[in-house]
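Architecture at a glance
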Amino acid sequence: MPFFSIIIVSWNALHHLKTYFPSVAATDYPHYEIILADNASTDGSKQWIRENYPDVKIAEFDNNYGYCGGNNRAVPHANGDILIFLNNDVRVKPNWLKGIATCFQKDNKIAAVQPKMLWEEDPSYFEYAGAAGGFLDKFGYPLCRGRIFDTLEKDQGQYDYESDIFWASGAALAVRKELFEKVGPFDEDFEFHMEEIDLCWRLWNMGYHVRYCPESIVYHLGGGSLPMDSPRKLYYNYRNNLRMIWKNSSAGSIAWQFIGRYLLDIASALKTLTDGDTKSFKAICRAHYDFWKGFHNTYQKRHLLQQQRKVEDNPPAMLNKAIVWEYFIKGKQKFSEIFSQ
């Protein structure tokens, strides 16, 4: 059975730790450790962990390095075969690691695994950030089985089968440590959002697979870092999506995929302006400006990654339809209505 290192990045989130950490500490599995990656918290988080969970490792940092930087800096402290990057607002079932362990044991080509993610506020629904596994459409739009844009599906067992997915949510992402160190780390230029999709795309390009494991179930609150309707969140989503496509898309698809996404972004920006949402309009414009401002760095990363890739084409888990057309024009709001299983 693999040894797991559960890494929880936290910054001044003692309220989340008190609510959700006890479930992680109660995990029923013989081989695991927990590492609190503390981004210079000042709210007593480290003291509370030391007093109540003295066996937990604490990796203390001198600054708030966010999700990417905090996790990257915590990995050297991990002794496990499998890293699990777990958000501090995730509740787990006692046996949640058993299904993930079995999944990894089936095939050495499985690099990363995501459990089923349900919404903490109403567990009858899938959770926004990961649901039943993540995908990209033909123009690089992220979506999940169980969540397309802002529409959540009820969990009725419709996705209770193990399968390949394009990306695993960073809220509960299990990845082989040796592959994370080889293909990773998280791209800290992303700061927030889509860093896990970028990592999973790199894993696919190196010939590995990403899997969804419905036998493992976790419950995610979500929205802790940035509110869902935050212009700042919108900014990161648009900027990082362009960077991710440019870094990882195959040579045969980069031109049409990038141009297609860019035109859709322009249409989206114009719609926000027509709707009078000037904050969102400015966020999208700033995202594009900063993408081009940092383009040289992104281009250099693409050059290196394309030299290292083992698979010529885009991953088979990339979907061949345009989700914007299917969702907004055709009115299809469920994954099963759009894509064959």
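Definitions and limits used
- Residues numbered from 1 in each chain as written.
- Predicted model: local features only at pLDDT ≥ 70, side-chain atom pairs only at ≥ 80, totals over all residues.
- Heavy atoms only, no water.
- Salt bridge = Lys/Arg side-chain N within 4 Å of Asp/Glu carboxyl O.
- Helix = DSSP H or I, 4+ residues; strand = E, 2+ residues; numbered from the N terminus.
- 1 Å grid on protein atoms, 1.4 Å probe; cavity = no way out; pocket = protein on both sides within 12 Å on 5 of 7 lines; lining within 4 Å.
- Points joined across faces, edges and corners; volume = space filled by probe spheres on them.
- Nonpolar A, V, L, I, M, F, W, Y, C, P; charged D, E, K, R; others polar.
- Buried < 20%, exposed > 50% of the residue type's maximum accessible area, 1.4 Å probe, protein only.

1. Quick word on the pattern of salt bridges
Taken as a whole and judged by the stated rule, the model has 21 salt bridges. K57 is the partner of E33 in a salt bridge, and the nearest nitrogen-oxygen pair spans 3.0 Å. With E33 in strand β2 (residues 32–38) and K57 in strand β3 (residues 57–60), this pair connects stretches of sequence that are 24 residues apart. K301 is the salt-bridge partner of D189, the closest N and O atoms lying 2.7 Å from each other. Placement of D189 in the loop between α5 (177–183) and α6 (195–205) and of K301 in helix α10 (residues 295–308) is noted, with a sequence separation of 112 residues between them. A cluster of three or more residues bridged by salt bridges with shared partners is formed by D187, D189, D198, R202, K247 and K301.

2. Examining empty space enclosed by the protein
Counted by the stated rule, this structure contains one cavity of 30 Å³ or more. Every residue lining the largest cavity is listed: D187, D189, F190, R243, K247, N297, T298 and K301. Elements that contribute at least two residues to the lining of the largest cavity include exactly α7 (231–248) and α10. Per-element tally for the lining of the largest cavity: the top contributor is α10, with three residues. The residue makeup of the lining of the largest cavity, split by class, is one nonpolar, two polar and five charged.

3. Focus on unusual backbone geometry
In this model, G184 is joined to P185 through a cis peptide bond whose omega is 0 degrees. With respect to the helices, strands and loops of the structure, P185 is situated in the loop between α5 and α6. One non-glycine residue, F149, lies in the positive phi region at around 50 degrees. With respect to the helices, strands and loops of the structure, F149 is situated in the loop between β9 (147–148) and β10 (151–152). Of note, the phi angle at E191 is positive, near 65 degrees, even though the residue is not glycine. Taking the relative accessible area as the measure of exposure, E191 reaches 35% and is therefore partly exposed.

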